[in-house]
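# Summary of the model geometry
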Amino acid sequence: MHRIVNVVGVGGSSRPGSTAEQALRIVLDAAQRRGASVQLIAGPALAMPMYDPRQGTTTPQAKRLLAAVSGADGLVLASPAYHGGISGLVKNALDHVEELREGARPYFSERAVGCVAVANGWQGAASTLAALRDVTHALRGWPTPLGAAINTSTTRFSPAGDCKDDRVQAQLEEIAAQVVDFATLRVLAETPTESLR
C-alpha cells in the first residue's frame, strides 16, 4: 500500500478570502476528496520580506513555506493578475523557493504543479496563467496539462467560496485530479515492489 500524497497550495492575495484563494481552496478540497492530504499557504502567510539571496530565509512564514514545498508531492499555485502578471506577494514567495536549490528534490523537481490565475478580464488571466507556468518550468516543476484562467467579470464565487460557474468548477476539480494522479504515480514508482504486495 502506498502512502497518502501531500498537496500544497500556495497563493491568493493579502486579502483573506480573495477570489484567487477561493479558487485555490476549491482545488485543494477536490484533491482532499481524491485522498490527498492538503496544506494551504495563502494570504497573510505569504507576507514576508522581499527575498534576498545574500541573506536567505529567516522569517517563520518563509520557513513554513519552504518546509511545506520541500515535503510536497504535488503543488497548486494561484495568483491574481497584477498588471498582467503574477502578484508581487506570490512572486516573492516563489522567489524564496531558491533556498531549496540544494535539496534532495531541488525547487519543484519531480512534482506536478497546477496553476490558477484570476483576473477581471481574459487578457490578465491568460497572461498570468502563462507566467505561472513559466515560473513552474524555471523551478523544474511539471505544470499540469490543464491550468485555469478565471475571468471574474463572468465567473462569481459565493461568500462561502463556492464557484457559481459549473465549467470553472470542473476545471478546478480536473487540476486537482491531475496533480493527485501524477503525485500518486510518482509515489508508486518510488515504492519498492515488495511493499506493494
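Residues numbered from 1 in each chain as written. Predicted model: local features only at pLDDT ≥ 70, side-chain atom pairs only at ≥ 80, totals over all residues. Heavy atoms only, no water.

Within an unreviewed UniProt entry, the label attached to the chain reads NADPH-dependent oxidoreductase, and the organism entered is Kitasatospora phosalacinea.

## Focus: empty space enclosed by the protein
Tallied over the entire structure, the rule returns one cavity of 30 Å³ or more. Approximately 40 Å³ is the volume found for the largest cavity. Together, Val 10, Leu 65, Val 69, Leu 75, Leu 77, Ala 93, Leu 94, Val 97 and Phe 108 line the largest cavity. Looking at the lining of the largest cavity, the elements that each hand over two or more residues are α2 (60–70), β3 (74–82) and α3 (88–96). Residue composition of the lining of the largest cavity, by class: nine nonpolar, no polar and no charged. (1 Å grid on protein atoms, 1.4 Å probe; cavity = no way out; pocket = protein on both sides within 12 Å on 5 of 7 lines; lining within 4 Å. Points joined across faces, edges and corners; volume = space filled by probe spheres on them. Helix = DSSP H or I, 4+ residues; strand = E, 2+ residues; numbered from the N terminus. Nonpolar A, V, L, I, M, F, W, Y, C, P; charged D, E, K, R; others polar.)

## Points about α3
Buried within α3 are the following residues: Val 90, Asn 92, Ala 93, Leu 94 and His 96. If you follow the buried residues of α3, they end up packed against β1 (6–11), α2, β3, β4 (85–86) and α4 (122–138). (Buried < 20%, exposed > 50% of the residue type's maximum accessible area, 1.4 Å probe, protein only. Contact = heavy atoms within 4.5 Å.)

## Brief notes about the pairing of strand β2 (residues 37–42)
The sheet contact formed by β1 and β2 spans six bridges and is parallel. By the bridge assignment for β2, Asn 6 is matched with Ser 37. A crossover links β1 with its parallel partner β2, the connecting element being helix α1 (residues 19–33), and its sense is right-handed. (Pairing = 2+ DSSP bridges. Right-handed = clockwise from strand over helix to strand, strands pointing away.)

## A closer look at the UniProt feature "domain: NADPH-dependent FMN reductase-like" (unreviewed entry) in the chain
According to UniProt, the positions carrying the feature "domain: NADPH-dependent FMN reductase-like" (unreviewed entry) are residues 6–146. A helix fraction of 37% and a strand fraction of 23% characterise residues 6–146, whose end C-alpha atoms lie 20 Å from each other. (UniProt positions renumbered as here; feature names shortened; annotations may be inferred.)

## Regarding the side chain of Ser 13
You can see Ser 13 is positioned in the loop between β1 and α1. Once residues lying within four places of it in the same chain are set aside, the contact partners of Ser 13 are Ser 18, Gly 43, Pro 80, Tyr 82 and Leu 89.

## Quick look at the pattern of salt bridges
Applying the stated rule across the entire model yields nine salt bridges. The partner of Lys 91 in a salt bridge is Asp 95, and the shortest N-O contact between them spans 2.5 Å. Of the two residues, Lys 91 and Asp 95 both sit in helix α3, four residues apart, roughly one turn of that helix. For Asp 95, a relative accessible area of 27% gives the class partly exposed. Glu 99 is the salt-bridge partner of Arg 101, the closest N and O atoms lying 3.8 Å from each other. (Salt bridge = Lys/Arg side-chain N within 4 Å of Asp/Glu carboxyl O.)

## Examining the packing of aromatic side chains
Scanning all chains against the criterion turns up one aromatic pair. Judged by centre distance (5.1 Å) and plane angle (85 degrees), the ring pair of Trp 142 and Phe 182 falls under edge-to-face. Taken as a pair, Trp 142 in strand β6 (residues 142–143) and Phe 182 in helix α5 (residues 166–190) lie far apart in primary sequence, 40 residues in all. With relative accessibility at 39%, the residue Trp 142 sits in the partly exposed group. Taking relative accessible area as the criterion, Phe 182 reaches 28% and is therefore assigned partly exposed. (Phe/Tyr/Trp six-rings, centres within 6.5 Å; stacked < 30°, edge-to-face > 60°.)

## Thoughts on the packing of α1 against α5
Geometrically, a packed helix pair is captured by the angle between its two axes and the distance between the axes. Running from N to C, α1 and α5 cross one another at 50 degrees; their axes reach a closest spacing of 8 Å. One way to sum up the angle between α1 and α5 is to call them oblique. Handedness of the crossing formed by α1 with α5: right-handed. Together, Ala 23, Ile 26, Val 27, Ala 30, Ala 31 and Arg 33 of α1 and Gln 169, Leu 172, Glu 173, Ile 175, Ala 176 and Val 180 of α5 make up the contact between the two elements. Grouping the constituent residues of the contact of α1 with α5 by class yields nine nonpolar, one polar and two charged. (Axes fitted to C-alpha atoms, helices over the stretch in contact; angles between N-to-C directions. Parallel < 35°, antiparallel > 145°, perpendicular 65-115°, else oblique. Left-handed = near helix turned anticlockwise from the far one by under 90°.)

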